[in-house]
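Examination of the molecular architecture
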Amino acid sequence: MRVLGIETSCDETGVAIYDSERGLMSHVLYSQVKMHAEFGGVVPELASRDHIRKLLPLIKEAFAKAGLKLGEVDGVAYTAGPGLVGALMVGAATARSLAFGWGVPALGVHHMEGHLLAPMLEEVPPPYPFVTLLVSGGHTMLVDVQSPGCYSILGETLDDAAGEAFDKTAKMMGLPYPGGPMLSKIACKGEVGRFKFPRPMVDRPGLDFSFSGLKTAVRLVIADHAENEVVPEQDMADIACGFQEAVVDTLAIKCRRALQQTGHKNLVIAGGVSANSRLRERLADIVKKERCQLFYPRAEFCTDNGAMIAYAGWLRMRVGQQSGYELNIKPRWPL
Ligand code: KG4
Ligand code: ZN
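It should be emphasised that the depicted structure is a prediction, and the values quoted were computed from it without experimental measurement.

Brief notes about the sheet that holds strand β9 (residues 266-270)
- With respect to topology, five strands assemble into an open sheet ordered β8-β7-β6-β9-β10, the strand pairing being mixed. Looking at which strands have only one partner, the edges of the open sheet turn out to be β8 (150-156) and β10 (293-295). Looking at each pair of strands side by side, their axes are set apart by 25° on average, direction ignored.

Remarks on the UniProt feature "binding site: Fe cation" (unreviewed entry) in the protein
- In this numbering, the UniProt entry assigns the feature "binding site: Fe cation" (unreviewed entry) to H111, H115 and D304. The annotated residues occupy 194 residues of the chain but converge on a single region, no pair of C-alpha atoms lying more than 8.7 Å apart.
- One can find H111 in helix α4 (residues 111-117).
- What makes H111 buried here is the crowd of 27 C-beta atoms within 10 Å.
- Beyond its immediate sequence surroundings of up to four residues, H111 is in contact with S9, T79, G81, P82 and G83.
- Summarising the element assignment, D304 is placed in the loop between β10 and α10 (307-317).
- Judged by C-beta crowding, with 27 C-beta atoms within 10 Å, D304 ranks as buried.

Notes on the UniProt feature "domain: Gcp-like" (unreviewed entry) in the protein
- When the UniProt feature table is mapped to this numbering, "domain: Gcp-like" (unreviewed entry) covers residues 24-311.
- Here residues 24-311 is 47% helix and 17% strand, with 8 Å between the C-alpha atoms at its ends.

Side note on the site of ligand 1
- Around ligand 1 lies a shell of 19 residues, among which G137, G163, G180, G272 and T303 are the nearest.
- Of all the secondary-structure elements, those providing two or more residues to the shell around ligand 1 are α5 (162-172) and α6 (179-187).
- Taken together, the residues that form the shell around ligand 1 break down as six nonpolar, 11 polar and two charged.

Structural notes on the packing of α5 against helix α7 (residues 212-225)
- In contact at an axis separation of 10 Å, α5 and α7 are set at 15° when each is read in the N-to-C sense. By the criterion of interaxial angle, the relationship of α5 to α7 is roughly parallel. α5 and α7 meet at a crossing whose hand is right-handed. Listed contacts from α7 to A165, K168, T169 and M172 of α5 are L214, K215, V218, R219 and I222.
- When grouped by side-chain class, the residues that make up the contact of α5 with α7 number five nonpolar, one polar and three charged.

Parameters at a glance
- Residues numbered from 1 in each chain as written.
- Chains lettered and ligands numbered in written order.
- Predicted model: local features only at pLDDT ≥ 70, side-chain atom pairs only at ≥ 80, totals over all residues.
- Pairing = 2+ DSSP bridges.
- Helix = DSSP H or I, 4+ residues; strand = E, 2+ residues; numbered from the N terminus.
- Axes fitted to C-alpha atoms, helices over the stretch in contact; angles between N-to-C directions.
- UniProt positions renumbered as here; feature names shortened; annotations may be inferred.
- Buried ≥ 20, exposed ≤ 12 C-beta atoms within 10 Å, placed from the backbone.
- Contact = placed C-beta atoms within 7 Å.
- Near = placed C-beta within 6 Å.
- Nonpolar A, V, L, I, M, F, W, Y, C, P; charged D, E, K, R; others polar.
- Parallel < 35°, antiparallel > 145°, perpendicular 65-115°, else oblique.
- Left-handed = near helix turned anticlockwise from the far one by under 90°.

In structure tokens form, the structure reads like this:
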């Protein structure tokens, strides 16, 4: 079975083709980041319009790169949610129209299931069962993955997602959008331990997270160190470092707890924040202590992409799942 995957839930247009025998045959991505940077965040209407402009050319490119004629697939999978309504509708309408035209089924895929399965595209995929830490701009959750499609949520954020906390803190520090990766870069030059921020909810039992208080703690320190509204460069790096340590530490403590609680021997991290090298470093420490193994997607598949949707769609379509051709996007859709 061969599936075309389409991702348009936010500000990335991603297209890929996944095949039972040949694996990932092609994947192409267009990022709208530069366009939104001017506005300091994603502008939903502009995102939808840009997906319309880029999607069909990218689909053509994906078929050409895979050495296939247009339409040589057995199904079309698209991100049905969660995400921005207009952006999702562009992907869903295009996917379903193509599927209808080609006479193949269409299937709406959960964006977070895509992230969760992204490490499966690597040469050494994680063996089931495993614990996944899903950390993106919109979600932070720990998931017990027993088998494909069989997930239980162990814990999740009660307020901001980890990526959101990175982005909002970066904005407070005057860094351009998207702030997460930039903040992490600055943090590398900072002194560990000069600023110690709280590790929210680690003293409580359970596996939920909360990051909104941390943001406020950083705001107070920034205000304290601003001279004529400008924070000196080294202070900024030290604050960024302290913030990153607090987020990473909190995530690491909960991951360790999740491994102990489930007894699983494999830990997976996925979603945009899984690209954070400090997080990978800390989790490598944890799995060593717990005699477990750590898995994560290659950098380009940590953030939004079409490959993870093609794979998640393939996994479900090969056992006969399909959505039909009606409009069925779900901007708010629990995993
Ligand atoms: O998974 P993703 O591309 O989109 C969502 O589904 O949300 O994740 C984007 C998020 C953003 O919040 C971004 O700041 C964060 O991932 N991110 C990072 C890093 N790279 C991306 N956060 C911290 N460190 C990074 N290196
Ligand atoms: Zn995402």
